[in-house]
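As a plain string of letters, each chain reads:
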Amino acid sequence: MTKTTPDLSDSLVHLGRGPKTAGRPVNLPITQGSTMLFDTLAEFEAAREARYQPETLYYGRYGNPASFELERAVAALEGAAGCITVSAGLTAVTLALMGAAKAGDHILVADNVYAPTRSFCDTVLARYGVEISYFDPMQDAAPHFRPNTSAVMFEAPGSGTFEVPDISAIAATAKDNGAVSIIDGTWATPVFCQPLKLGADVVVHSGSKYIGGHADSMIGFIVCNAATYGQMRKSALAFGDKAGAQDVFLSLRGLRTLEMRMKAAEAAGLEIARFLQDQPQISQILHPAFPDCPGHRNWKREFSGAAGLFSVVTKPCPDEKLHAFVDALDLFGIGVSWGGFESLVLPVAPLRTANPWTDEGRVIRFNIGFENTDSLKADLARALPLLD
Ligand SMILES: *Cc1c(COP(=O)(O)O)cnc(C)c1O
């Protein structure tokens, strides 16, 4: 019998479910374990020899059957050669950069990356003799490459401000210059964008956001094309990092509903963003699906949807009013991270060194969750006058 081509919904339901033995549980159990046992010393030695190779059962730190299922599933969703599960999204970023750069190299980092990514580059990579320069990802990256540029790190869209760079153009420029392109794809998840198919070499994800989806898990993924996978896997494993067993389980479970949650988040996010656009206190909506968002055309071409995370720019206002507004919201939690079921609000201060952020209004980021959107609008309508 011929098999039908897997479609995304089918893949999300069926990938990473383990061997099809009779009486199997629907969800692969949490797989704990450190020592793995072998019947002969020769078998053990073969496993030790192959420990950096994918799918090798050797010792718990290198992965176990459940983490390998998750790695295969995420790699399949991204059209990748392979995936490495790590303990958090930031770990995926830092280990990918450590896998791509060495002392004496130069790396290019987008000006609007996740702030802890910038801080890792400035405080750790720089200390190991890697030169870092920040570039405006909305401009042509080509002039910034040097003979020793080994990697380009960027995000689509940018953290906090949501400009959408041209993924295929940056990836192609990196390739022309012999550099590895690393993109943080956390916002879109593989449901809305698959950057490796657009030419990127490595995609990193924080699975703590939408993939886990319930604000109760921390995990990261380094997803690689064939050219980078071997080196990235060996380098990441050499650091001794490892995803937690329960977080592997929760990620696999999260995948089952990822597409429906993304679509619900997209619809609710757009509804609230459109509502905010009409409010007198708001001067701009920073949401890739809005035509005036920088890079909107890139989003339309390279993404199939929008997450429920976006920002607004308010009219300029003092700290007290900003605090009063945020504190008055009942249904929006105040806290970092996003992609869970609950709406969140957080003022962000865009840090830019390549191209200074000049808008004097306040940037406020919203994660739209699964509350009733009418309730969210009523909550916002009640609090917004505090910005006046
Ligand atoms: C949250 C986030 C990360 C870090 O993920 P953690 O799992 O919290 O370590 C990395 N990149 C982006 C874009 C994020 O939003």
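The structure reproduced in this document is the subject of the present report. (Residues numbered from 1 in each chain as written. Predicted model: local features only at pLDDT ≥ 70, side-chain atom pairs only at ≥ 80, totals over all residues. Heavy atoms only, no water.)

Here's the deal with the site of the ligand
And step 1. Looking at the ligand, there are 13 residues lining it, with Gly89, Asp184, Ser206, Ser208 and Lys209 nearest.
And step 2. At a separation of 2.8 Å, an oxygen atom of the ligand approaches a polar side-chain atom of Ser206.
And step 3. Contact with the protein chains removes 92% of the 380 Å² of surface that the ligand exposes when unbound.
And step 4. Residue composition of the shell around the ligand, grouped by class: five nonpolar, five polar and three charged. (Near = heavy atom within 4 Å. Polar contact = N/O pair within 3.5 Å; in protein donor to acceptor, adjacent residues only side chain to side chain. Areas by Shrake-Rupley, 256 points an atom, 1.4 Å probe, with all protein chains shown as cover. Nonpolar A, V, L, I, M, F, W, Y, C, P; charged D, E, K, R; others polar.)

Section: the sheet that holds strand β8 (residues 282-286)
Strand pairing in a sheet relies on backbone hydrogen bonds, with the paired strands running either antiparallel or parallel.
And step 1. Taken together, five strands build an open sheet; the order of strands is β8-β9-β12-β11-β10 and the sheet is mixed. Either end of the sheet is taken by a strand with one partner, and the two such strands are β8 and β10 (333-334).
And step 2. In the sheet, strand β11 (residues 344-348) pairs with strand β12 (residues 363-367) via five bridges, with the strands oriented antiparallel. By the bridge assignment, Val348 is partnered in β12 with Val363.
And step 3. Sheet strands touched by helix α9 (residues 245-277): β8, β9 (309-314) and β12. Its angle to β9, the strand with the most contacts, is close to 5°. (Pairing = 2+ DSSP bridges. Helix = DSSP H or I, 4+ residues; strand = E, 2+ residues; numbered from the N terminus. Contact = heavy atoms within 4.5 Å. Axes fitted to C-alpha atoms, helices over the stretch in contact; angles between N-to-C directions.)

Looking at the pairing of strand β3 (residues 131-135)
In the case of a regular strand, side chains alternate between the two sheet surfaces.
And step 1. Along β3, four of the five residues are buried, which leaves the element largely enclosed by surrounding structure.
And step 2. Alignment of strand β2 (residues 106-110) against β3, held across five bridges, turns out to be parallel. Of the residues in β3, the one forming a bridge with Ala110 is Phe135.
And step 3. For the crossover from β2 across helix α5 (residues 115-125) to β3, the handedness is right-handed. (Buried < 20%, exposed > 50% of the residue type's maximum accessible area, 1.4 Å probe, protein only. Right-handed = clockwise from strand over helix to strand, strands pointing away.)

Regarding the pattern of salt bridges
And step 1. Applying the stated rule across the entire model yields 16 salt bridges.
And step 2. A salt bridge links Glu55 to Arg72, with the nearest nitrogen and oxygen atoms 2.2 Å apart. Here the residue Glu55 occupies a position in the loop between α2 (41-49) and α3 (65-78), and Arg72 occupies one in helix α3, the gap between them amounting to 17 residues.
And step 3. Judged by relative accessible area, Glu55 falls into the partly exposed class, the value being 40%.
And step 4. Here Asp379 makes a salt bridge to Arg382, at a shortest N to O gap of 2.5 Å. You can see Asp379 and its partner Arg382 sitting in helix α12 (residues 373-383), three residues apart, about one turn around the helix.
And step 5. A relative accessible area of 4% means that Asp379 is categorised as buried.
And step 6. Several salt bridges converge on common partners, so that one network encompasses Glu55, Glu69 and Arg72. (Salt bridge = Lys/Arg side-chain N within 4 Å of Asp/Glu carboxyl O.)

Concerning the nonpolar core
In a soluble, globular protein the nonpolar side chains are often hidden away together inside.
And step 1. Ile222 and Phe366 are the most contacted members of the largest nonpolar core, which has 113 residues in total.
And step 2. If one sorts the elements of this core by residue count, α9 sits on top with twelve residues. (Core = buried A, V, L, I, M, F, W, Y, C linked by side-chain atoms within 4.5 Å.)

Brief notes about the packing of helix α4 (residues 89-100) against α5
And step 1. Closest axis-to-axis distance for the α4/α5 pair is 10 Å, and the angle between their directions is 40°. Comparing their axes, α5 and α4 come out oblique. Crossing angle aside, the handedness with which α4 passes α5 is right-handed. Facing α4, whose interface residues are Leu90, Val93, Thr94, Leu97 and Met98, α5 presents Pro116, Thr117, Phe120, Cys121 and Leu125.
And step 2. Considering only residue class, the contact of α4 with α5 consists of eight nonpolar, two polar and no charged. (Parallel < 35°, antiparallel > 145°, perpendicular 65-115°, else oblique. Left-handed = near helix turned anticlockwise from the far one by under 90°.)

Description of the packing of aromatic side chains
And step 1. The full count for this structure, using the stated rule, is eight aromatic pairs.
And step 2. Ring centres of Phe38 and Phe44 lie 5.7 Å apart, and the angle between their planes is 75°; on these two criteria the pair is classed as edge-to-face.
And step 3. Residue Phe38 is classed as partly exposed on the basis of its relative accessible area of 27%.
And step 4. Residue classification places Phe44 among the partly exposed positions, given a relative accessible area of 27%.
And step 5. A centroid spacing of 5.8 Å and a plane angle of 40° characterise the contact between Phe44 and Tyr58, whose relative ring orientation is tilted. In this pair, Phe44 sits in helix α2 while Tyr58 sits in the loop between α2 and α3, placing the two residues 14 residues apart along the sequence.
And step 6. For Tyr58, a relative accessible area of 15% corresponds to the buried category.
And step 7. An aromatic cluster is built from Phe38, Phe44, Tyr52, Tyr58 and Tyr62, whose rings are joined through pairwise contacts. (Phe/Tyr/Trp six-rings, centres within 6.5 Å; stacked < 30°, edge-to-face > 60°.)

Quick word on the sheet that holds strand β4 (residues 149-155)
And step 1. In space, the seven strands of this open sheet follow the order β1-β7-β6-β5-β4-β2-β3, with mixed pairing throughout. Single-partner strands in this sheet number two, and they are β1 (82-86) and β3. Ignoring strand direction, the axes of neighbouring strands in this sheet form an average angle of 20°.
And step 2. When β1 meets strand β7 (residues 220-224), the two strands line up antiparallel, connected through five bridges. Paired with Thr85 across the two strands is Phe221, which belongs to β7.
And step 3. Along the sheet, α4 makes contact with β1, β2, β4, β5 (180-184), β6 (202-206) and β7, crossing β6 at roughly 155°.
And step 4. In the packing of α5 onto the sheet, the strands contacted are β2, β3 and β4, and the crossing angle to β3 comes to about 155°.

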